[in-house]
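Listed here are the chains, written in short residue letters.
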Amino acid sequence: MNYQITVRFGGRFQRYHTFTVSASDAATALRQAADEIPADIASDVDLVELRVAVDPDHRTYLGEDDPGP
């Protein structure tokens, strides 16, 4: 499964770094993500978010499945 990882860093002026990892479960994804956080921001990270990465080719958007009036 693909997971999207977002890390927040930068202290007062927060910035975000987003990347994806492929893993069998969330715990494994977090371990992989830890190894992929760039060294130059690692000491400034204060939040890590993990989400299942949605395949854009299989994502539905509001109104696509709506038959309308």
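A quick note: this is a predicted structure, and the numbers were derived from the prediction, not measured.

1. Remarks on the overall build of the chain
Here's step 1: Helix and strand counts for the chain come out as 2 helices and 3 strands.
Here's step 2: Reading the chain from its N terminus to its C terminus gives the helix and strand order β-β-α-α-β.
Here's step 3: Pairs at least 24 apart in sequence give 45% of the contacts found in the chain among residues at least 6 apart.

2. Digging into the pattern of salt bridges
Here's step 1: A full pass over the atoms with the stated rule returns 2 salt bridges.
Here's step 2: Across the pair D46 and R8 runs a salt bridge whose closest N-O atoms are separated by 3.0 Å. Here D46, found in strand β3 (residues 45–52), pairs with R8, found in strand β1 (residues 2–9); they are 38 residues apart in sequence, far enough to count as distant.
Here's step 3: Accessibility expressed as a relative area gives 45% for D46, which makes it partly exposed.

3. Digging into the sheet that holds strand β2 (residues 15–22)
Here's step 1: Here 3 strands make up an open sheet; going across it, the order is β2-β1-β3 and the pairing antiparallel. Every other strand in the sheet has two partners, leaving β2 and β3 as the edge strands with one partner each. Pairwise comparison of adjacent strand axes, ignoring direction, gives a mean angle of 20 degrees for this sheet.
Here's step 2: Pairing of β1 with β3, which is carried by 7 bridges, proceeds in the antiparallel orientation. Within β3, the residue paired with Y3 across the bridge is V52.

Thresholds, definitions, all that
- Residues numbered from 1 in each chain as written.
- Predicted model: local features only at pLDDT ≥ 70, side-chain atom pairs only at ≥ 80, totals over all residues.
- Heavy atoms only, no water.
- Helix = DSSP H or I, 4+ residues; strand = E, 2+ residues; numbered from the N terminus.
- Contact = heavy atoms within 4.5 Å.
- Salt bridge = Lys/Arg side-chain N within 4 Å of Asp/Glu carboxyl O.
- Buried < 20%, exposed > 50% of the residue type's maximum accessible area, 1.4 Å probe, protein only.
- Pairing = 2+ DSSP bridges.
- Axes fitted to C-alpha atoms, helices over the stretch in contact; angles between N-to-C directions.

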